[in-house]
Amino acid sequence: EIVTYEEARNLTLESLQKITEENSCSGCMLYDADLRGWDLQGANLKGAKLKYASLNNANLKEANLKGVNLQGVQLKYASLNNANLKEVNLERADLKGANLQGANLNNANLKEANLKGANLQGANLYGANLTDVKLCDTVMPNGVKDYSDC
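What you see is a predicted model; the values in this text were computed from it and never measured.

(A) Spatial organisation of the overall build of the protein. Along its length, the protein carries one helix and two strands. Listing the helices and strands of the protein from first to last along the sequence gives α-β-β. Here the protein holds 150 residues, and the buried ones make up 44% of them. Considering only contacts within the protein whose residues lie at least 6 apart along the sequence, 1% involve residues at least 24 apart. Looking at the protein as shown, the accessible area adds up to about 7,500 Å², and 43% of this sits on carbon and sulfur atoms.

Shown next as structure tokens:
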């Protein structure tokens with residue numbers, strides 16, 4: 001289904017209101033949304049459409065983002081501790097300085113993602129696509145820092 005820009009904008013505003021009121025918005029349309037610094041701890045965003053959204057400095061600790069399209073999303077310095085990122089598309093996402101300790105990234109697509117300065121200690125990367133991921137001063141799941149792209 002094709003929607004106009006105005007219709008998409010209205011859907012995004014409705015989704016933002018739902019997140020604010022319920023801390024849940026499964027399947028919401030939030031393309032290009034500005035969620036910088038939002039507190040979304042424990043939020044259920046399963047299946048949400050967040051492509052190209054800005055989530056810099058957002059608190060997404062323990063959030064459920066399973067299957068979400070986060071392609072090209074800005075997640076600089078975001079807190080994603082223990083978040084469910086299973087089967088998430090993070091292709092070309094900017095996760096510089098993000099805290100992903102204990103996050104479930106099982107079968108996630110991290111192709112060409114920026115993980116410089118990110119903390120992945122204890123994260124589950126089983127089956128994740130790490131093709132051309134940028135690592136510099138990145139804490140890997142085993143606690144060891146990787147400087148390969150510095």
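(B) Geometry of the nonpolar core. Ranked by size, the top nonpolar core spans 44 residues in total, and within it L95 and L100 carry the most contacts. The contacts of L100, once residues within four sequence positions are left out, are L80, L85, L95, L115, A118, N119, L120, Q121 and A123.

(C) Structural context of the environment of L105. You can see L105 is positioned in the loop between α1 (5-22) and β1 (138-139). Excluding its chain neighbours within four sequence positions, the residues that come into contact with L105 are L85, L90, L120, A123, N124, L125, Y126 and A128.

(D) Looking closely at the pattern of salt bridges. Under the defined criterion, the tally for this structure stands at four salt bridges. Ionic pairing is found between D137 and K145, a salt bridge with its closest N-O pair at 2.8 Å. Under the relative-accessibility criterion, K145 is labelled partly exposed at 40%.

(E) Local environment of unusual backbone geometry. Phi is positive for R92, close to 60°, though the residue is something other than glycine. The topology assignment puts R92 in the loop between α1 and β1. Positive phi values are uncommon outside glycine, yet D137 reaches one of about 60°. Topologically, D137 is positioned in the loop between α1 and β1.

(F) Molecular detail of the state of the cysteines. If you walk through the whole model with that rule in mind, you get one disulfide. Through a disulfide, C136 is tied to C150; the S-S separation comes to 1.9 Å. The sign of the 110° torsion about the S-S bond sets the C136-C150 disulfide as right-handed. With C136 in the loop between α1 and β1 and C150 in the segment after β2 (145-146), this pair connects stretches of sequence that are 14 residues apart. Judged by its relative accessible area of 59%, C150 is exposed.

What counts, and where the lines are drawn
Residues numbered from 1 in each chain as written. Predicted model: local features only at pLDDT ≥ 70, side-chain atom pairs only at ≥ 80, totals over all residues. Heavy atoms only, no water. Helix = DSSP H or I, 4+ residues; strand = E, 2+ residues; numbered from the N terminus. Buried < 20%, exposed > 50% of the residue type's maximum accessible area, 1.4 Å probe, protein only. Contact = heavy atoms within 4.5 Å. Areas by Shrake-Rupley, 256 points an atom, 1.4 Å probe, with all protein chains shown as cover. Core = buried A, V, L, I, M, F, W, Y, C linked by side-chain atoms within 4.5 Å. Salt bridge = Lys/Arg side-chain N within 4 Å of Asp/Glu carboxyl O. Disulfide = S-S within 2.5 Å.

Purely geometric stuff here, so don't read any function into it on its own.
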